[in-house]
Amino acid sequence: MNDTTGLEKSERFLRLRNAQGKNVCIVREVYRRDNVPCQSPLCLSHCEKYNAQLTCLPSGVTHYLVPDCSVAREFLEILELPEITGIIFTQTVVHSVQHEGSRRLLNRLKNIVRNGRKGSIIFHNEFQKYCNCEREAGEPLEKWQARSTYSTAEWYFHHLAAKIPVVMLTHTKQMKELYENQTTNVFVLSIEDYLHKFWSMVIPHILELYQSIAHAAENKSKDRDYKGYYPIDVLEAGLKSGQFMKGFLHVNKQNASLEAFVKRLRVDMKEESQSDVLVSGMSDRNRSIHGDLVVLQLLPRSEWKSRSMALNVNQEESTGTDAETVDDLSDSMPTGLVVGILQRNWRDYVCSFSKDEETGKGDSKAGKVLVIPWDYRIPKIRISTRQVDKLRDYRILVRIDSWEIDSLYPNGHFVRSLGKIGDLEAEIAAVLVENSIDVGQFPQAQIEELPSNNADNPWHLDPNEVETRRDLRNSHLIFSIDPKGCEDVDDTLSVRTLENGNTELGVHIADVTHFVRPGMMTDMEARSRSTTVYLADRRFDMLPPVLSSDLCSLISAVDRYAVSVIWELDSAYEVINVWYGRTLIRSKYKLFYELAQAMHDGMDDAEVVKNIPELKNILPENLNERISELRATINRLMEISRKLRHRRTSCGALELESVEVQVQLSETKSIEDLTPKEHMEIHETIEECMIFANHWVAKKIAETFPTQALLRHHPLPKTDQFEDLKNCAAVQGFKMNISSNKELAQSLNAAVDPNDAAVNKILRSLATRAMSVAEYFSTGSLSRDQFFHYGLALDFYTHFTSPIRRYADILVHRQLLAAVGILDSSVLISDKGLEELASHINKKHRSAQYAQRDSQELFQCLYFKERGTEEKYCVVDAIIFQLRTNGIYVSVPRYGCNGPVYLKDKNGCVVYFHKDSDVEWIAGNLSRTDQSITVNCMYGKQTYNLLDHITVKITLMDSWAHSSSLRLELVSKQAMKWEQTCSAKGQKSTIIQEVSSTAEERRAQTDRNELGENFSKLQQMYGQTASEGSLYELFESFKDMALCS
C-alpha cells in the first residue's frame, strides 16, 4: 500500500464471469482518502463541503441509524417509513442490495436518499481511509459486511465528537453479540429491539409489520423471480432477434381471470397503440401480475384466441383458475404466453379476508391464510397472520413478496389495517392506496421555509419585488369566476377598451414560482405529488394551505403577485400584440359561475348586491355604476369567448360530451337526489380564455426552448375505437367522417335528432370514449409534427393556468419567465430530465383522475344504499349505446352513469316481455348485428336497437372484498319519460360534508362502544409513554448534553 499526495492506494481482486461464461480475475486500483464528506451539519472537522444538491443528514434527530446489509435487503420497507429519518447507507450496503437483492430494491433505496424529507445519505465507506475494512482471507462475506458497517458507525460517532449517538441495525444475532459492547454510545441493536424501544409507541403497527416481513423472508426462495422462466441471457437474445416481445401486462378488469393484454414497448419504453397481444388464462400469464414488465413469446397462428365479446361480472370469490367462454367471440388476435419477467411492479394492495374465513383454516401452525385483493385484476395472496379473528371485518394493506413456481397464489405479508369494511374513512383510504396516492401531512421543515400570514405575523408585499412588476391594481378591473366555495383561486380575468379603440384581454395567474423556487422542500414535495387530488368529499392539496388557500389564491380585495398574459385585440378579436410578465394585481370581485351567468341573463341589481359581498359597502350613488360596469365586462368577456371558440371549432376543435353529477340534500341532510349538473355558457367562456392563454404560452416557450419546453400532446385516436360511434350514428341515418378532427366535429354537429336531444349527447360521449389520452411531453422527445393537440385543434398547447394544483404549470411558469428574460434559463430542467419528469407527472395525473372517479362511484353507491329499492329513484330511463353477445351497455342520463344490462343469464335463458309487461326468463338465444340484438324464444322475437330508450332498475351490488357497484336490471322495453325538474342549486360541497359528518358520528359512537370496558388496557398499550426508562429519552438527554458542551 502506497501513500501518494494524501491518498492510499490498494488493489482489489474481483472474480467475474464474462459474456462467454468463463470466470476471469479483474484487478482494480482503489484510492482512499480521509476527507470523504460526512454530510452532517453537526460536523466540526474540516470535511469537504458536500454538494448542495445532495441530501444532508438532519440535526434534530436523537440518533443516526446505520443499517447492515441484511436489514437493508430484507427490511427496507420499514426504513421507508416517513417517521424514520437520519439513515446512513454505507457503500458496502448499497453494493449488497444491488448484487444480492434486486434492481427494484436498489431503486427503492435510492428513492429514500433522494427524498429530502428522509434526511438519509449514501456514505462511501470503502473510499474513506479510516472506515475501510479489507476482507481477510477466508472471511465469510456476511461477517466482512457487518464489520465494515460497524466500522462506519464507530467512525461517525468519533468524527462528530460524540455529539449524537449512532445505532447500527442488524438482523444477525451473532453480529449483535460481537459488536454491542465495543464502543460506548455506538449501539448495536437487532431490528426487532430497535423498533420495540424506539417506535412501538409512535407507530403502533410497526411490530406487526416487522413480524410479517420477517416471516415472509424466512419462506423466500432464492432466484424466485426467474425460476421457471427463461434465463435472462436467453430473454435478451430473443428480444434482440424479435422472437420475443416485451411490454406491460394489462389485465381486463371485467374478465380478470381469463383476459390480459400486452402492448409492445418501443425503445423509448412507450407503448405502441396498435400492438395488443392477448394472454389468455392464468396459466399463460405464468405468475405475472397486472403492471409487471413481461417478456412474451407469440404462439403459432393456429393457437391464437379471441377477445370475449360477452358482458362479464367478476365473481366475489374468483378462484383464479382458467375457464372457457361459451359466448360468441371476436376475430382471433395475436396471442402469447409469458416466458420471463423483466421488472416486478408490485405495489401495496388493499385486501380483505373471505367472509367465511376460519381461524386455523389451512396451515394453522404458520397462520397462513388467503386474502382477496380489492382490485379484481390481482390474484388472491397468501399471507401469514394469526390475527384473522381480529381483522376479519377490516380492509388491510398487503405486500407481495414472491410467487413460487409450484404455488397457485403469490406469497405476501400483512402491513397494516386501514379500517372497518364499509366505514367511509376506510373506503377512502382504500381508494387512495389502490391508486398509489400518498398524501400525508406536509413536513414541518417545509412549512417553516414558507412565509406565514397570521394575526401575529402578517405577510406583506416586498417593496423591491413590487418595483420589478407591472402594477395593474388601479388600471384594470380584475375579477375571478369559479365554482361556489372555491378557495384555491388560480386565475383571474380582465377586459377593457384601449384608447385606440382596440380591446385588451388579460389572463392573470397566481405567481406560485415566487414562493416555490427550485431546490426548496416545497418544490420537491410538489414535484412528488404533481397534482392536487380531488375526491368526492375532500381534496389533498399539492401545496401547503398557506400558499394554496392564502398567499397564492387570487381572492378579492387583497394584493397578490401574478403572472399575466395580456393581448391587444382588434375589432374582429384577432391578436395584434401579446405581453407576458410578472404583475401585481388586486381582484375586485370573486364571482361564482351561476351568479356570472345570471348577471349576463339579466339578474336584478338587488339580487346582484345580495350575492356579491364586495358591493355591500358601496355608496348608493356609485352602486349602479359599479354593477353596470361589472355586467358589461362579463358580457364583453362572453362575446370575445364566443368568437375565439368559433374560430377554434371551425378549425376542427371537438365539443365532446361529459356528464358531471351533483348531489342534493334533504332538510335532514341526507342524500336526496343525484342530478346531472346544468351546463352554462359561462363555463365555456372561462374555459375558452384559459385555452387561449395556454396556447399562447405554449407557442412562446416552444419557440424559445425548442428542445426542452413542456407541452401537452393529444394524439390521433385509433380508428377501431370509433366502431360504437359509427354504428350508433348509422341507426339514425347519420354518417361519421373520422378522417380528421375537423370532419369529425362537422359530423357531430350535424347528428341532431329534433325529437330526441339525447342522441347528440350520446354520440359526443362515444366520441369522447374513442379519444386517446392527452399527456405532457418535452419538445426534445417528439418530432415537431407530433406537437399538436387533436381535441382542441391547436398546434401548440400546454398547461399554464393552474399552478396551485398542477406541478406542470409551475414548470411552464418558470419556462415562460425564462423565455421573457425574467428568470435565468439555468434554472430549467434538461430535455432528458424533463422527459422523465413529464412521465412522472402523467402517471400522477392518471392516478388522481382514477381516484376521483372511484370516490364518486363510492358516493353513488352510498346514495342508492340509502334509497333501497324505492321506485321513485331506482327505476329510470336508459339509452342503448353498445351491443354484446349476451346483453347491452346503456347510459342512464338521470344519474350520468353507464352499465351493462343482461338479456341472457348464466343458465342460457333469455328475457322476454309479454304484452301485459310481465317479464319472463325462458330458454332461447340471441342474434346480433352491428346495430341491433334480437331475443329469440318460443314466444317470438324482440329486438333492441342502438339508441333505443328502455327502462331499467338500479340496485346496489354490495361487495365484501371489493368496491360496491351498481346493477342495472331490465324492467321494460319501453322508454320511461323523465323530466329534469331539479335545477343546478344542489351544492356538492354541502352534501359531502354531511355524508362525512354522518360517517364520523357513526365511527365515534362505535369507538365509544368498543372502548368502554377495555379503555384502561388500550390506554396502557397506546397511551403516552412514561419518560423513565425510555431509550428515546436517554438519547434526547445525550443530545442535550452534547449541545451544552
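Structure: above.
This structure is a prediction, so every number in the text was calculated from the model and none was measured.

Broken down by element type, the protein chain carries 28 helices and 42 strands. A total of 1045 residues make up the protein chain; the buried ones form 50% of that total. Nonlocal contacts in the protein chain, meaning residues at least 24 apart in sequence, comprise 67% of its contacts between residues at least 6 apart. Element-wise, carbon and sulfur atoms account for 48% of the exposed surface of the protein chain, whose accessible area totals about 50000 Å².

Take the sheet that holds strand S4 (residues 64-67) next. Within the open sheet, the three strands sit side by side as S4-S7-S8. Their pairing is parallel. Each of the sheet's edge strands pairs with one partner strand only, and the pair in question is S4 and strand S8 (186-190). Geometrically, the sheet is characterised by an average inter-axis angle of 25° between neighbouring strands, direction not taken into account. Summarising the sheet, strand S7 (residues 166-170) and S8 pair through five bridges and their orientation is parallel.

Taken as a whole and judged by the stated rule, the model has 19 aromatic pairs. Taken together, a centroid distance of 4.7 Å and an interplanar angle of 20° make the contact between tyrosine 150 and tyrosine 179 stacked. Taken together, the residues tyrosine 150 in helix H5 (residues 141-159) and tyrosine 179 in helix H6 (residues 173-179) connect sequence positions 29 residues apart. What makes tyrosine 179 buried here is its relative accessible area of 6%. A ring pair is formed by tyrosine 194 and phenylalanine 198, whose centres lie 4.9 Å apart and whose planes are at 35°; its orientation type is tilted.

Inspection of every chain in the model, using the stated rule, returns zero disulfides. Considering cysteine sulfurs only, cysteine 38 is the nearest to cysteine 43, which forms no disulfide, with 3.8 Å between them. Given a relative accessible area of 19%, cysteine 43 falls into the buried group.

Glancing now at the sheet that holds strand S37 (residues 909-913). With respect to topology, four strands assemble into an open sheet ordered S37-S38-S39-S40, the strand pairing being antiparallel. Edge positions in the open sheet fall to S37 and strand S40 (940-945), since each of these has one partner strand only. This sheet shows a mean twist of 45° between the axes of neighbouring strands, independent of strand direction.

Here we come to the pairing of strand S34 (residues 875-883). The element S34 is extensively covered by neighbouring structure, given that nine of its nine residues are classed as buried. Inspection of the sheet shows S34 paired to strand S41 (residues 949-957) by five bridges, in the antiparallel sense. From the neighbouring strand, alanine 878 faces S41, where its bridge partner is isoleucine 950. Bridge count between S34 and strand S35 (residues 887-892): four bridges; the pairing is antiparallel. What sits directly across from leucine 883, in S35, is isoleucine 888. The antiparallel hairpin formed by S34 and S35 contains three residues in its connecting segment.

Orientation of helix H21 (residues 723-731) relative to helix H23 (residues 758-770), taken along the N-to-C sense of each, is 165°, at an axis distance of 8 Å. For the element pair H21 / H23, the angle class is roughly antiparallel. Considering how the two elements wind past one another, H21 and H23 form a crossing that is left-handed. Contact with H21, carried on its side by Asp724, Leu725, Cys728 and Ala729, involves Leu763, Leu766 and Ala767 of H23 and no other residues of that element.

The set of residues buried in helix H15 (residues 521-529) consists of Met521, Thr522, Asp523, Glu525, Ala526 and Arg529. The secondary structure elements touched by the buried residues of H15 are helix H13 (444-448), helix H16 (545-551), helix H24 (807-819) and helix H25 (831-867). Phi turns positive one or two residues past the end of H15, at serine 530, with a value near 70°.

If you look at the biggest cluster of nonpolar residues, it comprises 95 residues, and the most contacted ones within it are Leu547, Trp567, Leu591, Ile612 and Phe800. Tallying contributions element by element places helix H20 (residues 681-704) first for this core, with 11 residues. With residues near it in sequence (within four places) discarded, phenylalanine 800 still touches Ile509, Val563, Val565, Ala693, Asn694, Val697, Asp809, Val812, His813 and Leu816. Counting residues in hydrophobic clusters, the runner-up holds 56 residues, among them Cys728, Ala729, Val935 and Leu946.

Attention now moves to the pattern of salt bridges. Following the criterion strictly, the structure yields 42 salt bridges and no others. For glutamate 525, the salt bridge goes to arginine 117, with nearest N and O atoms at 2.4 Å. In this pair, glutamate 525 sits in helix H15 while arginine 117 sits in the loop between helix H4 (103-114) and strand S6 (121-123), placing the two residues 408 residues apart along the sequence. Under the relative-accessibility criterion, glutamate 525 is labelled buried at 4%. Judged by relative accessible area, arginine 117 falls into the partly exposed class, the value being 33%. The partner of arginine 399 in a salt bridge is aspartate 348, with the nearest N and O atoms 2.3 Å apart. Pair noted here: arginine 399 is in strand S19 (residues 394-402) and aspartate 348 is in the loop between strand S15 (336-343) and strand S16 (349-353), with a separation of 51 residues, a long-range link. By relative accessible area, aspartate 348 is classed as partly exposed at 23%.

Cut-offs and rules
Residues numbered from 1 in each chain as written. Predicted model: local features only at pLDDT ≥ 70, side-chain atom pairs only at ≥ 80, totals over all residues. Heavy atoms only, no water. Helix = DSSP H or I, 4+ residues; strand = E, 2+ residues; numbered from the N terminus. Buried < 20%, exposed > 50% of the residue type's maximum accessible area, 1.4 Å probe, protein only. Contact = heavy atoms within 4.5 Å. Areas by Shrake-Rupley, 256 points an atom, 1.4 Å probe, with all protein chains shown as cover. Pairing = 2+ DSSP bridges. Axes fitted to C-alpha atoms, helices over the stretch in contact; angles between N-to-C directions. Phe/Tyr/Trp six-rings, centres within 6.5 Å; stacked < 30°, edge-to-face > 60°. Disulfide = S-S within 2.5 Å. Parallel < 35°, antiparallel > 145°, perpendicular 65-115°, else oblique. Left-handed = near helix turned anticlockwise from the far one by under 90°. Core = buried A, V, L, I, M, F, W, Y, C linked by side-chain atoms within 4.5 Å. Salt bridge = Lys/Arg side-chain N within 4 Å of Asp/Glu carboxyl O.

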